Amino acid sequence: SSPRDSPPRTSSHAMSRRRVSELAKLALGTRASACGVAPSLARTTPLAPRSAPGVVAHRASTSRTPSRGFAADASQGPPKPHPDGMPRFPEVSVPGALRAADYVGTGAFAMTGSLLAASAGMDAFGCTVIGTITAVGGGTIRDVLLGQGRRAFWMEEQEYLWIAAGVALATFFGWERAKTTFGFKDDDYWIEALDALGVGAFCVIGAQNGIRAGVPVIAQVLCGVMTATFGGAVRDVFVGRPTRILHSYADIYATAAAGGALAYIAARTVGMPPALRIISGVGAGIGIRVAADTYDIRLPVYASAPARQKAAEKGDKRWS
């Protein structure tokens, strides 16, 4: 037979090279499919040779996304707070001062709550719990009602729990000694002043939370009232006394919070800058609260003899 009619001989070396080539193409196609690239396109795309580091470096530099690590975040600085918000910690600015006032008000509410619980005969744990509820309970109720997956603010900002619990516990163990050593009294004016500062700060912060949540104006005002007063309302239920914001045995309280929240919202509506909004709201809340305490301003009760007698029994001196 002619050599042309006989099958060509293929050396084992050539078969091995062909087999290796097929396996390489198969592996490349599998990798391309996993990365979302068409296998046919991957097979026809030449690979950069290992001896060309410039090509590899260029490819890496063009395909790499910008770094979002610590160095990049540090170069950008801390995030700016929302116009209707505060910086994370106190700083030298009006919003930063609002954060500081928030801390002071938290401590003041915790102290008065602990003293009221102590007068009701509660132990150290009970006074700490009631003081903490008084300080952070209003904001907790506000966050729950606003919903939208929100968690209570103190779950992210744990310093509020430490301030409230620490002040309440310190008040329980140290107040009587402080009265002996420094001459403090349960009704000292500086306590009322710190309480008024807390009302002014809390009502503005509550209104800010309502604004950021996008609720209507009336709900924004209620957010301010809840933040400033609902912790005390829960406290009164636990200690078994009439809820202060619902009775006339003490001067107005929720009204002051509503006035501060309304002042903040009105300042925002007319286009005042954030600093002036905060000053307007906090100033209104403090002013109404101080005026109520100074001039014994109370809301009217129902105009009947039994209603006025009940009010007198609860401490309303106007009818006693």
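Residues numbered from 1 in each chain as written. Predicted model: local features only at pLDDT ≥ 70, side-chain atom pairs only at ≥ 80, totals over all residues. Heavy atoms only, no water.

1. Remarks on the pattern of salt bridges
Turning to step 1, where the next piece is worked out: In total, this model carries 17 salt bridges according to the counting rule given.
Turning to step 2, where the next piece is worked out: R99 is paired through a salt bridge with E157; the nearest N and O atoms lie 3.5 Å apart. A residue pair is termed long-range when its members are at least 10 positions apart, and R99 in helix α5 (residues 94–119) and E157 in the loop between α6 (124–146) and α7 (159–182) qualify at 58 residues.
Turning to step 3, where the next piece is worked out: Classification of R99 as buried rests on a relative accessible area of 5%.
Turning to step 4, where the next piece is worked out: Residues joined by salt bridges that share partners form a network here, namely E192, D195, R244, D251 and R289. (Salt bridge = Lys/Arg side-chain N within 4 Å of Asp/Glu carboxyl O. Helix = DSSP H or I, 4+ residues; strand = E, 2+ residues; numbered from the N terminus. Buried < 20%, exposed > 50% of the residue type's maximum accessible area, 1.4 Å probe, protein only.)

2. Overview of the environment of V282
Turning to step 1, where the next piece is worked out: Considering the arrangement of structural elements, one finds V282 in helix α11 (residues 274–295).
Turning to step 2, where the next piece is worked out: Its relative accessible area of 13% is what places V282 among the buried residues.
Turning to step 3, where the next piece is worked out: Taking C-alpha positions, V282 is 7.6 Å from C203, a pair spaced 79 residues apart along the chain.
Turning to step 4, where the next piece is worked out: Among all residues touching V282, those that are not within four sequence positions of it are L98, G200, A201 and V204. (Contact = heavy atoms within 4.5 Å.)

3. Structural notes on unusual backbone geometry
Excluding glycine, residues mostly carry a negative phi; peptide bonds, for their part, are mostly trans.
Turning to step 1, where the next piece is worked out: For D296, which is not a glycine, the phi torsion comes out positive at approximately 55 degrees.
Turning to step 2, where the next piece is worked out: Counting through the fold element by element, D296 comes out in the loop between α11 and α12 (305–313).
Turning to step 3, where the next piece is worked out: Given a relative accessible area of 40%, D296 falls into the partly exposed group.

4. A short note on the packing of helix α8 (residues 189–213) against helix α10 (residues 254–269)
Turning to step 1, where the next piece is worked out: For the pair α8 and α10, the least separation of the axes is 8 Å and the interaxial angle reads 50 degrees. With respect to their mutual orientation, α8 and α10 come out oblique. Considering the relative orientation of α8 and α10, their crossing is right-handed. Counted together, V199, C203, V204, A207, Q208 and I211 of α8 and A256, A257, G260, A261, Y264, I265 and R268 of α10 form the full contact between these two elements. (Axes fitted to C-alpha atoms, helices over the stretch in contact; angles between N-to-C directions. Parallel < 35°, antiparallel > 145°, perpendicular 65-115°, else oblique. Left-handed = near helix turned anticlockwise from the far one by under 90°.)

5. Considerations on the environment of E192
Turning to step 1, where the next piece is worked out: Examined against the element boundaries, E192 turns out to sit in helix α8.
Turning to step 2, where the next piece is worked out: The exposure class of E192 is partly exposed, given its relative accessible area of 29%.
Turning to step 3, where the next piece is worked out: Placed 98 residues apart in sequence, E192 and V290 show a C-alpha to C-alpha distance of 8.2 Å.
Turning to step 4, where the next piece is worked out: Leave out the neighbours within four places in its chain, and E192 touches R289 and D293.

6. Section: the confidence of the model for the chain
Turning to step 1, where the next piece is worked out: In the predicted model, the chain carries a mean pLDDT of 83, and the fraction of residues at 70 or more is 75%.
Turning to step 2, where the next piece is worked out: In the model, residues 1–11 has pLDDT below 50 throughout and makes one contact with residues more than four positions away in sequence or in other chains.
Turning to step 3, where the next piece is worked out: Across residues 31–74, confidence stays below pLDDT 50; counting only partners more than four residues off in sequence or on other chains, it has 13 contacts. (pLDDT = per-residue confidence, 0-100.)

7. Re a nonpolar patch on the surface
Turning to step 1, where the next piece is worked out: Residues V270, M272, L276 and I279 make up a contiguous nonpolar surface patch of about 360 Å² in total accessible area.
Turning to step 2, where the next piece is worked out: Following the sequence through the fold, M272 ends up in the loop between α10 and α11. (Patch = residues over 30% accessible without salt bridge, like charges linked within 9 Å, V, L, I, M, F, W, Y side chains within 5 Å. Areas by Shrake-Rupley, 256 points an atom, 1.4 Å probe, with all protein chains shown as cover.)

8. Considering the side chain of T134
Turning to step 1, where the next piece is worked out: When you line up the elements, T134 lands in helix α6.
Turning to step 2, where the next piece is worked out: With a relative accessible area of 4%, T134 lands in the buried category.
Turning to step 3, where the next piece is worked out: Only 2.7 Å separates the side chain of T134 from the backbone oxygen of I130, close enough to count as a polar contact.
Turning to step 4, where the next piece is worked out: Non-local contacts of T134, meaning those with residues more than four positions away in its chain, are made with F109, G113, G231, G232 and R235. (Polar contact = N/O pair within 3.5 Å; in protein donor to acceptor, adjacent residues only side chain to side chain.)

9. Some thoughts on the packing of aromatic side chains
Turning to step 1, where the next piece is worked out: Overall, the coordinates contain eight aromatic pairs when judged by the stated rule.
Turning to step 2, where the next piece is worked out: Site record: aromatic cluster; members linked through ring pairs are W175, F182, F184 and W190.
Turning to step 3, where the next piece is worked out: One cation-aromatic arrangement involves R88 over F89; the distance from NZ or CZ to the ring centre is 4.5 Å.
Turning to step 4, where the next piece is worked out: One residue, R308, lies across the ring of W319, its end atom 4.2 Å from the ring centre. (Phe/Tyr/Trp six-rings, centres within 6.5 Å; stacked < 30°, edge-to-face > 60°. Lys NZ or Arg CZ within 6 Å of the ring centre and 35° of its normal.)

10. Remarks on the packing of α6 against α8
Turning to step 1, where the next piece is worked out: Taken N-terminus to C-terminus, the directions of α6 and α8 make an angle of 15 degrees; their axes are 11 Å apart at the nearest point. Between α6 and α8, the crossing angle belongs to the class labelled roughly parallel. Of the two elements, α6 crosses α8, and the hand of that crossing is right-handed. Note on element contacts: α8 touches α6 through F202, I205, G206, N209 and A213, opposite A135, R142, D143 and L146.
Turning to step 2, where the next piece is worked out: In terms of residue class, the contact of α6 with α8 is made up of five nonpolar, two polar and two charged. (Nonpolar A, V, L, I, M, F, W, Y, C, P; charged D, E, K, R; others polar.)

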